Amino acid sequence: MSEVIKIKVNEIVPNRSQPRLDFYDETIESLAESIKENGLLQPITVRRIDDHYELVAGERRYRAHMYLGKEEIDAIVKEMSDDESATLSLIENIQRENLNAVEQAMAMERIMEKENITQDKLAERLGYKQSTVANKLRLLKLPDYVKNAISRGTITERHARALLKVPAENLENVFMTITNRNYTVSKTEEYIKELLDKDHHTKGVSNNAQIAINTLKQAYEMCRKSGIDADFNITEYADNVKITIKIKK
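Read on for an overview of the structure. Source: prediction; values computed, not measured. (Residues numbered from 1 in each chain as written. Predicted model: local features only at pLDDT ≥ 70, side-chain atom pairs only at ≥ 80, totals over all residues. Heavy atoms only, no water.)

## Description of the nonpolar core
Within the largest apolar cluster, 20 residues are counted, with the highest numbers of intra-cluster contacts made by Leu142, Ile155, Leu163, Val174 and Ile192. Listed by contribution, the elements that provide at least two residues to this core are α4 (101-115), α7 (144-152), α8 (157-163), α9 (168-180) and α10 (185-225). Take this core: its biggest share by element is 4 residues, from α9. What Leu163 contacts, discounting residues up to four positions off in sequence, is Leu142, Val146, Ile155, Leu171, Val174, Phe175, Ile178 and Ile192. (Core = buried A, V, L, I, M, F, W, Y, C linked by side-chain atoms within 4.5 Å. Buried < 20%, exposed > 50% of the residue type's maximum accessible area, 1.4 Å probe, protein only. Helix = DSSP H or I, 4+ residues; strand = E, 2+ residues; numbered from the N terminus. Contact = heavy atoms within 4.5 Å.)

## Re the sheet that holds strand β1 (residues 4-8)
Overall, mixed pairing links the 5 strands, which are arranged β1-β5-β3-β4-β2 in an open sheet. In this open sheet, the two strands that pair with only one neighbour each are β1 and β2 (12-13). (Pairing = 2+ DSSP bridges.)

## Considerations on a nonpolar patch on the surface
A cluster of nonpolar residues, Leu216, Ile228, Ile245 and Ile247, forms a patch on the protein surface that exposes about 300 Å² of accessible area. Tracing the chain through its elements places Ile247 in strand β7 (residues 241-247). (Patch = residues over 30% accessible without salt bridge, like charges linked within 9 Å, V, L, I, M, F, W, Y side chains within 5 Å. Areas by Shrake-Rupley, 256 points an atom, 1.4 Å probe, with all protein chains shown as cover. Salt bridge = Lys/Arg side-chain N within 4 Å of Asp/Glu carboxyl O.)

## Things to note about unusual backbone geometry
Here the phi dihedral of Asp50 falls at roughly 55°; this positive angle occurs in a residue that is not glycine. Residue placement: Asp50 occurs in the loop between β3 (44-49) and β4 (52-57). The phi dihedral of Asn182 is positive, around 55°, even though this residue is not glycine. Turning to its location among the elements, Asn182 is positioned in the loop between α9 and α10. A relative accessible area of 66% means that Asn182 is categorised as exposed.

## Looking at the pattern of salt bridges
Counted by the stated rule, this structure contains 8 salt bridges. Put simply, Lys6 and Asp74 hold a salt bridge, and the shortest N to O gap is 2.8 Å. Of this pair, Lys6 sits in strand β1 while Asp74 sits in strand β5 (residues 72-77), placing them 68 residues apart in sequence. Taking the relative accessible area as the measure of exposure, Lys6 reaches 56% and is therefore exposed. Asp144 is the salt-bridge partner of Lys147, the closest N and O atoms lying 3.5 Å from each other.

Right, here's the structure in full:
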């Protein structure tokens, strides 16, 4: 078992690869009160760099100690590389500190780039399925206003995954609709499916039936130019287009 030692709080600097972006004061204050009453149940993890220590795991516990004005904190000192430190910080945060989905995705991407590893390898380290890692990383393709909404808790990760299916030109309108109407995940998925089905249907008409429509229109116009009294009508249904040409006897 690793040895736990006392380290001065002012000798510790935050982890440069800290995946957590938002630290809410009320959660730090709540943790500080718990530490004040019960003590620190889990030591932080640090590594030695020159004349100071860099935090590897336990950012909130470290901040809670600073909030309390404590001079020392229980810590475990480990030797590790920058990449190992970044990976351990990510794992610790995911397992204990509940990173939001965007923070997780950004940290995953950063580690994959630094260590030049695949999604499969990262998933193995984190104890995840490869599909879980892939789904997290796809969130980074979304615009900032969507990612900010995830971070704030305005929408969930599942809302965001549904939004990934929406074409870029329609995304902002769909996003505003589901947030303004407080759609649940299931309602959001249903709403987007209806939009995509409608869009697919419209595109189907323009791509697959337009040649036939144009050909019949030309025939209709030729009839009209020849002095034939005729009517041309198009009716669109869910899976077909009905074209009616009426010619008077």
